[in-house]
Amino acid sequence: MPDSVVVLTVHGIGAPKRSLDPGEDRTWVTVDQFERVLDVAVGRRDVRLTFDDGNESDVELALPRLLERSLTAEFFLLAGRIGRSGSVDEAGVRALLAAGMSVGSHGWDHVDWRRLGGDSVAREIVEAPRRLAELTGRPVRRVAIPFGSYDRVVLSRLKEAGMERVYTSDGGRSVPGRWVHPRTSLHDDLTQAAVAGLVDPPRTVKATARRAAARAVKRWRPAPG
Ligand SMILES: [Zn+2]
């Protein structure tokens, strides 16, 4: 096993089939950009692929291209969006699983987990993975935090809910065996030249220290007042 891996996050590919939130279009890539990323990931044991938000493009565009290259990925779905227009439906979930992909939770409604109150805590952290487990017929114990927004309260809730792996969006390398794993998101401005840098981020002491410090601040900060 490599000593560290780079985990990439794909949101949407091609033309969105639902209305996007403000700024969300920045996380959508073209089919061409997506294929270039897949091509550099082929044969790389230190590159992992994840998909967030459960967009229809996961099944329509990503799945056939992953299969063509014998790649697997983890799909973090929103329990509350399954079957809605533009999102993966139950047949799509079955297609992902049948193709050897795995499914994790991205919550219920795509909201900021640092700002949950009342019933939304249980819905986002506990009920979403439970619903996805019912749908897939397998335990769902991995989560990708929406917007990469977390603090010590969010992490302690996820631990309490029995989550075994937590993905953030902090960038940099992820160390196998740890509980929290940083990821790097694809953006619409991804150039061909930048694709190589995506899977080989700098290993310099300075870059590593900077990322570790930023993660420590997030991890220990209290909930917003
Ligand atoms: Zn998301």
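Look up: the structure comes first, before these words.
Residues numbered from 1 in each chain as written. Predicted model: local features only at pLDDT ≥ 70, side-chain atom pairs only at ≥ 80, totals over all residues. Heavy atoms only, no water.

(A) Expanded view of the overall build of the chain. On a plain count of helices and strands, the chain comes out with seven helices and ten strands. A globule of 225 residues ought to have a C-alpha radius of gyration of about 17 Å, and the chain, at 17 Å, matches this closely. The principal-axis extent of the C-alpha atoms belonging to the chain is close to 45 × 45 × 35 Å. Residues classed as buried in the chain amount to 49% of the 225 residues present. Considering only contacts in the chain between residues 6 or more positions apart, those separated by 24 or more positions represent 70%. (Helix = DSSP H or I, 4+ residues; strand = E, 2+ residues; numbered from the N terminus. Rg over C-alpha atoms; globule rule 2.2 N^0.38 Å. Buried < 20%, exposed > 50% of the residue type's maximum accessible area, 1.4 Å probe, protein only. Contact = heavy atoms within 4.5 Å.)

(B) The arrangement of the pairing of strand β1 (residues 6-10) in detail. Of all five residues making up β1, five are buried, and the element is well covered by its neighbours. In β1, alternate side chains face the same way, and those of Val-6, Leu-8 and Val-10 on one face and Val-7 and Thr-9 on the other are all buried. Direction of pairing for β1 relative to strand β4 (residues 47-52): parallel, over a ladder of five bridges. The partner of Val-6 across the bridge, within β4, is Val-47. Pairing analysis gives two bridges linking β1 to strand β10 (residues 184-185), with the strands arranged parallel. Paired with Leu-8 across the strands is Thr-184, a residue of β10. (Pairing = 2+ DSSP bridges.)

(C) Up close: the coordination of the zinc ion. In the first shell of the zinc ion, the protein supplies Asp-53 (OD), His-106 (NE2) and His-110 (NE2), at 2.0 to 2.1 Å from the metal. When the donors of the zinc ion are listed by position in the chain, the intervening gaps give D-x52-H-x3-H. Here Asp-53, found in the loop between β4 and α2 (57-68), pairs with His-106, found in the loop between β6 (102-105) and α4 (119-136); they are 53 residues apart in sequence, far enough to count as distant. Under the relative-accessibility criterion, His-106 is labelled buried at 1%. (Donors = N, O, S within 2.8 Å, 3.2 Å for Na, K, Ca; no water.)

(D) Representation of the environment of Ser-120 within the structure. As for its placement among the helices and strands, Ser-120 is situated in helix α4. A relative accessible area of 14% means that Ser-120 is categorised as buried. Each C-alpha atom, one on Ser-120 and one on Trp-108, is 8.8 Å from the other, the two residues being twelve residues apart in sequence. A polar contact is formed between the side chain of Ser-120 and the backbone oxygen of Gly-117, at a distance of 2.7 Å. (Polar contact = N/O pair within 3.5 Å; in protein donor to acceptor, adjacent residues only side chain to side chain.)

(E) Main features of unusual backbone geometry. In this structure, Ser-70 takes a positive phi of about 55° despite not being glycine. Topologically, Ser-70 is positioned in the loop between α2 and β5 (74-77).

(F) Up close: the pattern of salt bridges. Tallying each qualifying case throughout the model produces 17 salt bridges. Between Arg-183 and Asp-52 there is a salt bridge, with its nearest N and O atoms 2.8 Å apart. You can see Arg-183 sitting in the loop between β9 (180-181) and β10 and its partner Asp-52 sitting in strand β4, a full 131 residues away along the chain. Exposure class is identical for Arg-183 and Asp-52. Each is buried. Here Arg-142 makes a salt bridge to Glu-74, at a shortest N to O gap of 3.2 Å. Linking Arg-142 in strand β7 (residues 142-144) with Glu-74 in strand β5, this pair joins segments that are 68 residues apart in sequence. Several salt bridges converge on common partners, so that one network encompasses Asp-39, Glu-68 and Arg-69. (Salt bridge = Lys/Arg side-chain N within 4 Å of Asp/Glu carboxyl O.)

(G) Representation of the packing of aromatic side chains within the structure. Per the counting criterion, the structure on display carries three aromatic pairs. Ring geometry for Phe-51 versus Phe-75: centroids 4.5 Å apart, planes at 10°, classification stacked. Linking Phe-51 in strand β4 with Phe-75 in strand β5, this pair joins segments that are 24 residues apart in sequence. Accessibility expressed as a relative area gives 0% for Phe-51, which makes it buried. Aromatic side chains Phe-76 and Tyr-167 sit 5.4 Å apart centroid to centroid with 75° between the ring planes, which places their arrangement in the edge-to-face category. Of this pair, Phe-76 sits in strand β5 while Tyr-167 sits in strand β8 (residues 165-167), and the two are 91 residues apart along the sequence. Taking the relative accessible area as the measure of exposure, Phe-76 reaches 0% and is therefore buried. Here the aromatic cluster, defined as three or more aromatic residues joined through ring pairs, consists of Phe-34, Phe-51 and Phe-75. For Arg-183, the ring lying beneath its charged end belongs to Phe-76, and the centroid distance is 5.9 Å. (Phe/Tyr/Trp six-rings, centres within 6.5 Å; stacked < 30°, edge-to-face > 60°. Lys NZ or Arg CZ within 6 Å of the ring centre and 35° of its normal.)

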